[in-house]
Amino acid sequence: MEKVLSAVVKAVNDAKETSPLSGSWTNFTTINLVANAQLAVGGRAATCFLPDEAKPIAAISKSIYINAGTLKQIARESLTEAAKAAVELGKPWVLDPVAAGLGATRNALLKDLKPYKPTIIRGNASEVITLANFWELQTAKKGNVEGVDATDTVYEALESAKELAKWTGGTVTVSGKTDLVLNNKEIYAVSGGSDMLKKITGGGCSLGGVIAVYAAVAEPLIAALTGSVVYKWASETAANSTKGSFSFQTAFIDNLSLLDAETIRTYAETSIRKMVKA
Amino acid sequence: MEKVLSAVVKAVNDAKETSPLSGSWTNFTTINLVANAQLAVGGRAATCFLPDEAKPIAAISKSIYINAGTLKQIARESLTEAAKAAVELGKPWVLDPVAAGLGATRNALLKDLKPYKPTIIRGNASEVITLANFWELQTAKKGNVEGVDATDTVYEALESAKELAKWTGGTVTVSGKTDLVLNNKEIYAVSGGSDMLKKITGGGCSLGGVIAVYAAVAEPLIAALTGSVVYKWASETAANSTKGSFSFQTAFIDNLSLLDAETIRTYAETSIRKMVKA
Amino acid sequence: MEKVLSAVVKAVNDAKETSPLSGSWTNFTTINLVANAQLAVGGRAATCFLPDEAKPIAAISKSIYINAGTLKQIARESLTEAAKAAVELGKPWVLDPVAAGLGATRNALLKDLKPYKPTIIRGNASEVITLANFWELQTAKKGNVEGVDATDTVYEALESAKELAKWTGGTVTVSGKTDLVLNNKEIYAVSGGSDMLKKITGGGCSLGGVIAVYAAVAEPLIAALTGSVVYKWASETAANSTKGSFSFQTAFIDNLSLLDAETIRTYAETSIRKMVKA
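Residues numbered from 1 in each chain as written. Chains lettered and ligands numbered in written order. Predicted model: local features only at pLDDT ≥ 70, side-chain atom pairs only at ≥ 80, totals over all residues. Heavy atoms only, no water.

(A) Geometry of the overall build of chain A. The secondary structure content of chain A amounts to 11 helices and 9 strands. Relative to a compact globule of 278 residues, whose C-alpha radius of gyration would be 19 Å, chain A shows 17 Å and is just as compact. Viewed in the frame of its principal axes, chain A has a C-alpha envelope of about 40 × 40 × 35 Å. When burial is assessed residue by residue, chain A has 67% of its 278 residues classed as buried. (Helix = DSSP H or I, 4+ residues; strand = E, 2+ residues; numbered from the N terminus. Rg over C-alpha atoms; globule rule 2.2 N^0.38 Å. Buried < 20%, exposed > 50% of the residue type's maximum accessible area, 1.4 Å probe, protein only.)

Structure below.
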């Protein structure tokens, strides 16, 4: 565990010191919060929508973030090209299967992405279950995403997450009251945080964007753990000092921009728990 | 009047307690504020742009919000499909004819929407007059929208609003310094609020989105009245404690997220006034 | 210099008093901040994406803002039509060549815009150099935009900026730690400000949008100088009273909404420096 905690602290510091560029393909509702959260933790942000930008943005980025929310028609082509470019250029990429199950274009897109094996998948429980179904990795259970909201618990998504990690060889984060973060070898639970994060839009998307920043400076499992623990700390701390939802949002992003590695380390000691692998 | 006040209080509480999902088809400038305002008052938000999402989002939503701002090419098809799906599935839907009169695509779209008879129409005075013209319900007066801003007063739009309500059988809100809220039987004026709401973008759009939340839990007239009175109270209260435009925005959304039904009731007693129908 | 300072103060006041409408064609990441910054300094905002809106929005606007960030496919046609309409209707227009060099669509678009000679160009150093290359005005040096970030200093872009001003007959702003603002006759440096502006997304784009507001009420050189000095003052003052990035953003927009002409005049006296033309 000491090794994990040190790696998390190092990721927090490295993002602040090296300001890596993470190219994003993300949704319109939360695009501004995603970019601001990425900048806050020390990264640099740039968002694209056109297929012809897939290779150039992958070339100059240290990691890529792909989010399936509020799609336009070109998205099926663009996001597939973006994933392909990331793989071809050896850049880690994060998939956020927002609203998986809603609409023919989105569902076709998510199926198309299977061969590009995302380095990290981050979704809520219902999105993770739905994605595992779409990729025909686990068919016993069907995810039930209600718009962008989960109707399943993170533990109900555990088997789906395992199957996804088995297919991709990468890391999967199931976000919820407690986040589950796992790869083929290990499973971690990250607890804490605040429900206030659900009172603003973009809590999940911006976590995906921030995990992409950390994926630019750390191995996938550590990147995902760092994102989760940073979000749990920043939201819990913000909720302690605010009441309204926009005051909370301000304090939350402020906290991300003022991350102190040692504070995160102390928080992580109780927040991150290693689970016995089933 | 007591009946109206009780229904408004009930709508405020029911939105907070039942967290209804309202699917939105909305513009890019204010999309984030719309979603955050909907979340703040207790609703859940999800935004779509593609025609293939019209039926699935209507199916899982309790109400639909359609906003004609910053259109893309696909919008004429998408927004019409969204309205059609709402009608077919019996979900109340709110039309926000933003910038009516600006551009051939927008004007054609707004004309297309006539047969789907929105449950609630919310616009500024010039948008309401322009829409009544487009629908050939009232031709004596021409609306003159300047970009997204009204150049007419709410009272100048009263006849147009009545004609729209007559056609749709639903409710019409004309937003302004005082909001007029009416259906075929009654006309209400909702006063109060603050001009500061015009110093941030999205005051009108997010009101449309919030009215959609209330339309998920209350009858149309009450939903529209509740949205207006909540906005008047939240903006007036926010303006009393802030000076700059973004501090105002934070306080305004904070207020929406901290709505207290009894405070709203007290405010509504003086804010909502029933007008003698002409 | 006294003449410049008086003109800057007059621009600040005129924007607040006349509330000019500036139509924008801008990117999705920062669209909300652009509109809010325009409203804060006293302008009115309306954003378009469709070619059929080019003429109507130019007709009712006092100035036009065109930003090349996060393009959609239609953008090549739309933004060219928007520039053309501004020229035909004699409205000043501001070009923000965001991420110049990234992607075939963007690069083709920027080349297409050459004949429409923007009244004001605002970009970071690398964008300005790249644009001068695209327009074959200066080929000795190649710009190296990294996503949306500059890798060159403003002084390295000086010759490119001069060539652009020579071609357009207008004004060019190179934004950076110090902003260079020049036309065919004069060069000014505007110093001050805060690095915190780089910790939020949209600092550059919203400056472009605000310059468009001032271009509606002042001649191009004064409009560009006013935008720069207002941004230097508002960001420096906001940074002095805040720590986190979103508290900074709130204080920054608040400051724009509370501009006091005399405070700006005093700040401008030391911030704006006339350079000897090379």
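(B) Molecular detail of helix H2 (residues 31–40) of chain B. All names here are of chain B. Taking burial as the measure, the 10 residues of H2 include 10 buried ones, the bulk of the element. Every buried residue of H2 is listed here: Ile31, Asn32, Leu33, Val34, Ala35, Asn36, Ala37, Gln38, Leu39 and Ala40. A positive phi of about 110° marks Gly42, the residue just after H2.

(C) Quick look at the interface of chain C and chain B. Contacts between the two partners involve 30 residues from chain C and, on the opposite side, 27 residues from chain B. Summed over both partners, the interface of chain C with chain B comes to about 2300 Å²; 60% of that surface belongs to carbon and sulfur atoms. Counting across the chain C and chain B interface gives 3 salt bridges. Remark: the boundary between chain C and chain B carries 13 residue pairs in polar contact (both at pLDDT 80 or more). (Contact = heavy atoms within 4.5 Å. Buried area = accessible area lost by both parts, 1.4 Å probe. Salt bridge = Lys/Arg side-chain N within 4 Å of Asp/Glu carboxyl O. Polar contact = N/O pair within 3.5 Å; in protein donor to acceptor, adjacent residues only side chain to side chain.)

(D) Representation of the packing of aromatic side chains. Applying the stated rule across the entire model yields 15 aromatic pairs over all chains. Judged by centre distance (4.9 Å) and plane angle (25°), the rings of Phe28(A) and Phe49(A) are stacked. Of the two residues, Phe28(A) is situated in the loop between strand S1 (21–25) and helix H2 (31–40) and Phe49(A) in the loop between strand S2 (44–47) and helix H3 (54–60); the sequence distance between them amounts to 21 residues. For the residue pair Phe28(A) and Phe49(A), the accessibility class agrees, reading buried in each case. Relative to Phe252(B), the ring of Phe248(B) lies with its centre 6.0 Å away and its plane at 10°, an arrangement referred to as stacked. Of this pair, Phe248(B) and Phe252(B) both sit in helix H10 (residues 245–257), 4 residues apart, which is roughly one turn of that helix. No difference in accessibility class separates Phe248(B) from Phe252(B), as the two residues are buried. Through a chain of ring-to-ring contacts, the aromatic side chains of Phe28(A), Phe49(A), Phe28(B), Phe49(B), Phe28(C) and Phe49(C) assemble into a single cluster. (Phe/Tyr/Trp six-rings, centres within 6.5 Å; stacked < 30°, edge-to-face > 60°.)

(E) Molecular detail of the nonpolar core. All names here are of chain B. With 101 residues, the main nonpolar core has Tyr214 and Leu256 as its most contacted residues. Among the elements that take part in this core, helix H9 (residues 220–241) stands out by supplying 11 residues, more than any other. For Leu256, the contacting residues outside a window of four places in its chain are Ala37, Ala40, Val41, Val230, Tyr231 and Ala234. (Core = buried A, V, L, I, M, F, W, Y, C linked by side-chain atoms within 4.5 Å.)

(F) Local environment of the sheet that holds strand S5 (residues 120–124) of chain B. Residues and elements named next belong to chain B. Pairing within the open sheet is mixed, and its 9 strands lie in the order S2-S1-S3-S4-S5-S6-S7-S8-S9. A strand with exactly one partner marks an edge of an open sheet, and here the two such strands are strand S2 (44–47) and strand S9 (272–275). The mean angle between the axes of side-by-side strands here comes to 20°, regardless of whether they run parallel or antiparallel. Pairing of strand S7 (residues 179–182) with strand S8 (residues 187–190), which is carried by 4 bridges, proceeds in the antiparallel orientation. (Pairing = 2+ DSSP bridges. Axes fitted to C-alpha atoms, helices over the stretch in contact; angles between N-to-C directions.)

(G) Structural view of the packing of helix H2 (residues 31–40) of chain C against helix H10 (residues 245–257) of chain C. All names here are of chain C. Two elements in contact, H2 and H10, have axes whose closest approach is 7 Å; the angle formed by their N-to-C orientations is 35°. Between H2 and H10, the residues in contact are Leu33, Asn36, Ala37 and Ala40 and Gln249, Ile253, Leu256 and Ser257, respectively. Of the residues assigned to the contact of H2 with H10, the class counts are 5 nonpolar, 3 polar and no charged. (Nonpolar A, V, L, I, M, F, W, Y, C, P; charged D, E, K, R; others polar.)

(H) Quick peek at the relation of the copies chain C and chain B. Superposing chain C onto chain B requires a rotation of 120° together with a translation of 0.0 Å along the rotation axis, leaving an RMSD of 0.0 Å. Taken together, the turn and the small shift mark the pair as related by a three-fold rotation axis. Measuring from the rotation axis to each C-alpha of chain C, the shortest distance belongs to Phe28(C), at 4.0 Å. Comparing interface residues between copies, only 13% of those in chain C also lie at the interface in chain B; the contact surfaces differ. (Least-squares fit on C-alpha atoms with pLDDT ≥ 70 in both.)

(I) A look at the sheet that holds strand S2 (residues 44–47) of chain C. Residues and elements named next belong to chain C. One open sheet accounts for 9 strands, arranged S2-S1-S3-S4-S5-S6-S7-S8-S9; its pairing is mixed. With one partner strand each, in any of the chains shown, S2 and strand S9 (272–275) form the two edges of the open sheet. The sheet shows a mean angle of 20° between the axes of neighbouring strands, direction not considered. Across 4 bridges, strand S1 (residues 21–25) lies against strand S3 (residues 63–67) in parallel orientation. Across the sheet, Gly23 pairs through a bridge with Ile64, a residue of S3. Running over the sheet, H2 touches S1, S2 and S3 and is turned about 155° from S2. Helix H4 (residues 75–88) rests against S1, S3 and strand S4 (93–96) of the sheet, and its axis sits at about 155° to S3.

(J) Fine view of the pattern of salt bridges. Inspection of every chain in the model, using the stated rule, returns 36 salt bridges over all chains. Close ionic contact of Asp149(B) with Arg44(C) constitutes a salt bridge, the shortest N to O distance being 3.1 Å. Here Asp149(B) is found in the loop between helix H6 (125–134) and helix H7 (158–168), whereas its partner Arg44(C) is found in strand S2 on a different chain. On the accessibility criterion, Asp149(B) (21% relative accessible area) is partly exposed. A salt bridge links Lys274(B) to Glu186(B), with the shortest nitrogen-to-oxygen separation between them at 2.9 Å. Within this pair, whereas Lys274(B) is found in strand S9, its partner Glu186(B) is found in the loop between S7 and S8, the two being separated by 88 residues in sequence. According to the relative accessible area criterion, Lys274(B) is partly exposed, its value standing at 47%. Through salt bridges with shared partners, a single network forms among Glu2(A), Arg265(A) and Glu269(A).

(K) Region of the structure containing the interface of chain A and chain C. If you look at the interface, chain A gives 30 residues, while chain C gives 27 residues. Taken together, the connections running from chain A to chain C amount to 3 salt bridges. Taking the shortest distance from any N to any O, the salt bridge between Glu146(C) and Arg44(A) comes out at 2.6 Å. On the surface where chain A and chain C come into contact, there are 13 residue pairs in polar contact (both at pLDDT 80 or more). Going through the elements one at a time, H2, S2, H3 and helix H10 (245–257) of chain A are the ones with two or more residues in the side of chain A that touches chain C. Ranked by residues supplied to the side of chain A that touches chain C, first place goes to H2(A) with 7 residues.

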